[in-house]
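Given next are the chains, with one letter for each unit.
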Amino acid sequence: MVILGQSYFARNIGFASGVTLGLSASVDGLISPLVEWNTDRWSVGPSLRNLWIMTAIVTASPFSFTFRLS
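A.B. asks: Even after reading the chapter, I still don't get the confidence of the model for the protein chain, so can you show me in this structure?
C.D. replies: Reading fine detail from the predicted coordinates is not recommended where pLDDT is low. With 86% of its residues at a pLDDT of 70 or more, the protein chain shows a mean pLDDT of 81. Here helix α1 (residues 2–8) stands out as the element of the protein chain with the lowest mean pLDDT, 69, in contrast to helix α3 (residues 44–60), whose mean of 89 is the highest.

Now the structure itself:
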């Protein structure tokens, strides 16, 4: 994610890393209530299992994209 942001803002590396850090914190703020709702509705075990599944999907997703750094 940081490399992709730096490729978009090649002249401003500091700005690119700040944007990517801000986006990741924002996404975490959006996902946390869903995880909390999932834990309240079921229990901790299925909630942790869903987190592992989401982590595996997010980890594998960059390998499906092809982009060229210039």
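Once the structure has been displayed, the description carries forward.
A.B. asks: Looking at this structure, I do not really get the packing of aromatic side chains. What am I missing?
C.D. replies: To describe a pair of aromatic rings, one takes the distance between the centres and the angle between the planes. Going through the model one piece at a time under the given rule, you end up with 1 aromatic pair. With centroids separated by 5.9 Å and ring planes inclined at 80°, the aromatic side chains of Trp 37 and Trp 42 adopt a geometry described as edge-to-face.

A.B. asks: Any chance you could explain helix α2 (residues 13–41) here in plain terms?
C.D. replies: Think of an α-helix as 3.6 residues a turn; residues three or four steps apart then line up on the same face. With 29 residues, α2 extends 42 Å from end C-alpha to end C-alpha; this agrees with the ideal 42 Å at 1.5 Å per step. Of all the bends found along α2, the most pronounced is centred on Ile 31 and spans about 25°, while Pro 33, a proline, follows it within four residues. Inspection of α2 places Ala 16, Thr 20, Val 35 and Asn 38 among the buried residues, and these make up the whole buried set.

So, how was this worked out
- Residues numbered from 1 in each chain as written.
- Predicted model: local features only at pLDDT ≥ 70, side-chain atom pairs only at ≥ 80, totals over all residues.
- Heavy atoms only, no water.
- pLDDT = per-residue confidence, 0-100.
- Helix = DSSP H or I, 4+ residues; strand = E, 2+ residues; numbered from the N terminus.
- Phe/Tyr/Trp six-rings, centres within 6.5 Å; stacked < 30°, edge-to-face > 60°.
- Expected span 1.5 Å × (residues − 1).
- Bend = angle between axes of the 7 residues up to and from the residue.
- Buried < 20%, exposed > 50% of the residue type's maximum accessible area, 1.4 Å probe, protein only.

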